[in-house]
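Structural features, examined
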Amino acid sequence: MQKITYSFFIVIILFFSCDNSEEVQTGPQINFKQETGYVYTDTVLTLGQTIKIGIQANIGSSNITLFQYSIDNDGEIEKIDSGLNSTVLSIDKKITKGISEIETWTFMVKDKNALEDKVSITLTKSDEVNFQDIIHIPVIVLGAQNNDTIDGFYSLSEKDSYALAEAFEVQEDINLLYYFDFFQDEDNVISSPGANIDESVFPDGNYGPDHWQIRNTTRFVKRTDDIQISDFNNSSNDSLILTNTFEFSIGKRKCKNLMPGDIYAFVTEDNLRGLIKMNQVYETDEGYI
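Described in the following lines is the structure provided in the data block. (Residues numbered from 1 in each chain as written. Predicted model: local features only at pLDDT ≥ 70, side-chain atom pairs only at ≥ 80, totals over all residues. Heavy atoms only, no water.)

Considering the overall build of the chain
The test is simple: Starting at the N terminus, helices and strands are each numbered in turn, a helix being any DSSP run of H or I of at least four residues and a strand any DSSP run of E of at least two. Contacts were defined at the residue level, with two residues in contact if any of their heavy atoms lie within 4.5 Å. Only the protein chains shown count as cover for residues, and all accessible areas are computed by the Shrake-Rupley method using a 1.4 Å probe.
Secondary structure summary: the chain contains four helices and 15 strands in total. Restricting the contact set of the chain to residue pairs at least 6 apart, pairs at least 24 apart contribute 61%. Accessible surface computed for the chain: about 16,600 Å², of which carbon and sulfur atoms make up 47%.

Encoded structure:
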């Protein structure tokens, strides 16, 4: 009896020893790129100055499933999340110094085991003021999708408008378009080819933006309550633009239900910034704005 009891005790000890040998999980690692041309330490910038930041991350035990960056503007925090499932992450981002005295940008990655890593950089606004001249375009007339005489697509770089078939040929240059939608409760809309425009708006299968290979995105924030029309009309440098534009990912992809006097700030995906004021709006798919 003593030998049987002793043997059983040894087996139990060995069994629990095996259970405690679980593999240790390691989390992802994220770092700033430190190559020439990148900013990777806290720095002082003038209002409107643009820098490039690079982020790179690698997995630990599991794939990266979330990339998030947050912006702390003098205590007001905004967060932007992006889901993914990857072993590596490499992102370059241009940042234009805004009106806040201090901006802290925090970049974070998380894996499927909820393990995370983050890095931060603080951008302080310099006391130096260096406003730049602006390009003022007095009048842009855009026709809705069924207007045969007034173009509905616009290029900010070329400062020119295009009909649908013409815009198709210069997709890489198109930043704005105008349409009227009876069915989506959007009425008069200014957006860009990268917005979620229903294919029924431009049904021509050969030229409609839903068939474009290059679909630039412009984002908008309404500023009618923040900007006086007189200030808009009399602006002579980029101070009004820099005060009222925003981080690209925060803006909306459409200006909907436009009315005369509406003012919107816009930012393109290549960081061109500006303001738009509506003068006239005609509520028809053959009208113009």
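A few points about unusual backbone geometry
What counts, and what does not: Only protein chains enter the accessibility calculation, which uses a 1.4 Å probe; a residue whose area is less than 20% of its type maximum is buried, one above 50% is exposed, and one in between is partly exposed.
Positive phi, normally seen in glycine, also occurs at Ala 114, with a value near 70 degrees. With respect to the element layout, Ala 114 can be found in the loop between strand E7 (102-111) and strand E8 (116-125). When its relative accessible area of 51% is taken as the criterion, Ala 114 is described as exposed. Phi is positive for Asn 257, close to 50 degrees, though the residue is something other than glycine. Mapped onto the fold, Asn 257 is located in the loop between helix H4 (239-244) and strand E14 (263-268).

Here's the deal with the packing of aromatic side chains
Each pair of aromatic rings is reported with the distance of its centres and the angle of its planes. Note the cut-off: Each Phe, Tyr or Trp ring (for Trp, its six-membered ring) is paired with any other whose centre lies within 6.5 Å, and the angle between the two planes then decides the class: stacked below 30 degrees, edge-to-face above 60, tilted in between.
Taken as a whole and assessed by the stated rule, the structure comprises 10 aromatic pairs. For the pair Tyr 69 and Trp 105, a centre-to-centre distance of 5.9 Å together with 15 degrees between the ring planes defines the contact as stacked. A residue pair is termed long-range when its members are at least 10 positions apart, and Tyr 69 in strand E4 (residues 64-73) and Trp 105 in strand E7 qualify at 36 residues. Assessed through its relative accessible area of 6%, Tyr 69 is described here as buried. Ring centres of Trp 105 and Phe 107 lie 6.4 Å apart, and the angle between their planes is 20 degrees; on these two criteria the pair is classed as stacked. Under the relative-accessibility criterion, Trp 105 is labelled buried at 2%. A relative accessible area of 1% means that Phe 107 is categorised as buried. Put simply, the rings of Phe 32, Phe 67, Tyr 69, Trp 105 and Phe 107 pair up and form one aromatic cluster.

With respect to the environment of Tyr 162
In this structure, Tyr 162 sits in strand E10 (residues 160-162). In sequence terms Tyr 162 and Leu 177 are 15 residues apart; their C-alpha atoms lie 9.4 Å from each other. Discounting residues that sit within four places of it in the chain, Tyr 162 has contacts with Asp 151, Gly 152, Phe 153, Ser 155, Ala 167, Val 170 and Ile 174.

Topic: the pairing of strand E1 (residues 29-32)
The two faces of the sheet receive side chains in turn, since in a regular strand these alternate between them. Quick note on the threshold: In short, DSSP must find at least two bridges between two strands for them to pair.
Burial along E1 is one-sided: Ile 30 and Phe 32 are buried, while Gln 29 and Asn 31, pointing the other way, are not. The sheet contact formed by E1 and strand E3 (residues 50-58) spans four bridges and is antiparallel. When the sheet's bridge partners are listed, Asn 31 is paired in E3 with Gln 56.

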